[in-house]
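This is what each chain is made of:
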Amino acid sequence: MKTLQNIIDEHGFDRMLSRLAHEILERNLGLDNLAIIGLRTRGEFVAQRLASKLEKIEGTLPELGVLDVTLYRDDVRQHLRTPEVRATDIAFDITDKNVVLVDDVLFTGRTVRSALNALVDLGRARTIQLVALVDRGHREVPIRADFIGKNIPTSRGQEVRVHLKEVDGHDGIDLVSIED
Amino acid sequence: MSSLSIPHLLGLQGVPKEDISLILDSTDSFLEILDRPIKKVPTLQGKTVVNLFFENSTRTRISFELAERRLSADVVNFAASSSSVKKGETLLDTARNIEAMKVDIVVMRHSAAGAGHFLSERCTSRFINAGDGAHEHPTQALLDMCTIRQKHGSLEGLNVCIIGDIGHSRVARSNIYGLITMGANVAVCGPPSMFPYDLEKLGVRVFTNIDEALQFSDVINVLRIQLERDAGADFPSLREYHNSFGITRERLDKLGREITVLHPGPINRGVEIESEVADGPYSVILPQVTNGVAIRMAVLYLIGTRAE
């Protein structure tokens, strides 16, 4: 049986994004030299939202890009699957920039591990920071987020669903538990 | 769907539309890599690819080799001119020996039609056909389709004419199969002496007048006259071929609209195509070469990571 528990609703979601935007500004002392890069696919939209929050606060848009890490994934090489590859779209040089990577759910850490490899191939960033809307634990590699929307302790069998207006028509975060 | 239904890429005949679309759609990501300062991703790390070329080729082999290296595969090159084939070894023995060295993917060119098909049924490696006789050259057709799509957005309903030595051209055959699958209207044009024996079965319109063919076309794919193959036997002289079928600025200007010009190379300037056209604004000959590396990366990625 599946049970669904709403953890964060639409209003909470918006307040969470605002807080994350302020935290990013506080840490980086403004938008100078800052680049926001979303991880396909959902991180891409979260990154856009954060960028427009930052614009509201500071008056200018930060550099914004999208990273596809498919070709860097370690499960591709093990023949586990052939995921669909999509293009990376970063129209600026990341060298000497403070790069803020954005992902929706931080779980095993393997996607972020691939993203770090991919970023290194694009140039030498001054710093790389990580935003995760949800940190659900169960890391398999030593990676942590610098900015976390919500810590949600989970079991491996549970599922965290981040809903976004751009994809699902509404914002929110649900926890799905599957019990037999 | 994000996985190919076919285990090998031996030709485009019978390959479903979904597979062709998947390869073409994946190519964008690989094009992006070619623009980076570090043009390399670790995707095929630990995989070994053999380029098994029983027939001479420079650009196709270089294009494949670059694609393989940019995906971090280990690459071994095999050229028939310097190999045991000269000592009388059979095709199957050569392939089995190479395979015994634990190879994952074989990229093969051979002068006999169906050579890749023959080996793929008898070996365990994945095969990619890089040209087999006058049969097929699927990656060339895929890169042509990719280039046309960049320029026109879609292949559906587009009028594409292939011009020249259709009968001896594996490029023509693969293009015809692939383009028809993708919904394009395909025509061929050339001297009837250069048409293939099974022309009616291919499902294409046939022109023997170049100006009528150009009237029909949104895109033309101009094939090379294979001078080394004694093409002179099929028409009186190169000058006559140029006068009857050569693509000239004057012929294109008469149309009063833009048509896209492809050529698989190497070009015989002044024979099948005039320099002014080959270097002109409608020519996509150099983008074809760039797309060639990206499309081969896409094919290697999709074939190489496909689950057993």
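Caption draft 1: How the structure looks around the overall build of chain B. Regarding its fold elements, chain B presents 11 helices and 9 strands. In terms of C-alpha radius of gyration, chain B reaches 19 Å, essentially the compact-globule figure of 19 Å for 308 residues. Its C-alpha atoms give chain B principal-axis dimensions of about 55 × 45 × 35 Å. Expressed as a percentage of the 308 residues in chain B, the buried residues total 45%. A fraction of 75% describes how many contacts in chain B between residues 6 or more apart in sequence connect residues 24 or more apart.

Caption draft 2: Structural detail: helix α2 (residues 42-58) of chain A. With 17 residues, α2(A) extends 24 Å between its outermost C-alpha atoms, agreeing within 8% with the 24 Å of an ideal straight helix rising 1.5 Å per residue. All of the buried residues along α2(A) are A:Arg42, A:Gly43, A:Glu44, A:Val46, A:Ala47, A:Arg49, A:Leu50, A:Ala51 and A:Leu54.

Caption draft 3: Expanded view of the domain arrangement of chain B. All names here are of chain B. What the domain assignment lists for chain B is domain 1 (17-134 + 291-304) and domain 2 (138-288). A C-alpha centroid distance of 26 Å is found between domain 1 and domain 2. Facing the 17 residues of domain 1 at the interface are 17 residues of domain 2. Contributions of two or more residues to the side of domain 1 that touches domain 2 are made by α1 (17-34), β4 (126-132) and α11 (285-304). Considered class by class, the residues forming the side of domain 1 that touches domain 2 number 7 nonpolar, 6 polar and 4 charged.

Caption draft 4: Seen up close, unusual backbone geometry. The amide bond that connects A:Arg40 to the next residue, A:Thr41, takes the cis arrangement and shows omega of 0°. You can see A:Thr41 is positioned in the loop between β2 (34-39) and α2. In this structure, A:Asn33 is a non-glycine residue whose phi angle is positive, near 65°. Judged by the 15 C-beta atoms lying within 10 Å of it, A:Asn33 falls in the partly exposed class. Positive phi values are uncommon outside glycine, yet B:Lys102 reaches one of about 65°. Secondary-structure assignment places B:Lys102 in the loop between α3 (91-99) and β3 (105-110). Assessed through the 8 C-beta atoms surrounding it within 10 Å, B:Lys102 is described here as exposed.

Caption draft 5: Main features of the environment of B:Lys17. Residue and element names in this part refer to chain B. By the element assignment, Lys17 lies in helix α1. Considered as a pair, Lys17 and Thr181 are 164 residues apart in the sequence and their alpha carbons are 5.9 Å apart. The contacts of Lys17, once residues within four sequence positions are left out, are Thr181 and Met182.

Caption draft 6: Local environment of the pairing of strand β1 (residues 48-53) of chain B. Residues and elements named next belong to chain B. Within β1, 5 of the 6 residues are buried, leaving the element largely enclosed by the surrounding structure. Relative to strand β2 (residues 74-79), β1 runs parallel, the two sharing 6 bridges. If you follow Thr48 over to β2, its bridge partner there is Asp74.

Caption draft 7: Representation of the nonpolar core within the structure. By size, the foremost hydrophobic cluster in this structure holds 132 residues, and its most contacted members are A:Ile37, A:Val100, A:Leu101 and A:Val102. Split by domain, the residues of this core number at least three in each of domain 1 (17-134 + 291-304) and domain 2 (138-288) of chain B. In this structure, A:Leu101 is in contact with A:Ile37, A:Leu39, A:Val112, A:Ala115, A:Ile128, A:Gln129, A:Leu130 and A:Val131, ignoring residues within four places of it in sequence.

Caption draft 8: Here's a closer look at the sheet that holds strand β1 (residues 2-8) of chain A. Residue and element names in this part refer to chain A. The sheet built from 3 strands is open, its strands ordered β1-β8-β7 with antiparallel pairing. Both outer strands of the open sheet, β1 and β7 (159-163), are each paired with one neighbouring strand and no more. Each strand of the sheet is rotated relative to its neighbour by a mean of 25°, with strand direction disregarded. As paired elements, β1 and strand β8 (residues 172-178) share 6 bridges and run antiparallel to each other. Counterpart to Thr3 in the pairing with β8 is Ser177.

Reading the values: the criteria
Residues numbered from 1 in each chain as written. Chains lettered and ligands numbered in written order. Predicted model: local features only at pLDDT ≥ 70, side-chain atom pairs only at ≥ 80, totals over all residues. Helix = DSSP H or I, 4+ residues; strand = E, 2+ residues; numbered from the N terminus. Rg over C-alpha atoms; globule rule 2.2 N^0.38 Å. Buried ≥ 20, exposed ≤ 12 C-beta atoms within 10 Å, placed from the backbone. Contact = placed C-beta atoms within 7 Å. Expected span 1.5 Å × (residues − 1). Domains from an automatic or database assignment. Nonpolar A, V, L, I, M, F, W, Y, C, P; charged D, E, K, R; others polar. Pairing = 2+ DSSP bridges. Core = buried A, V, L, I, M, F, W, Y, C linked by C-beta atoms within 7 Å. Axes fitted to C-alpha atoms, helices over the stretch in contact; angles between N-to-C directions.

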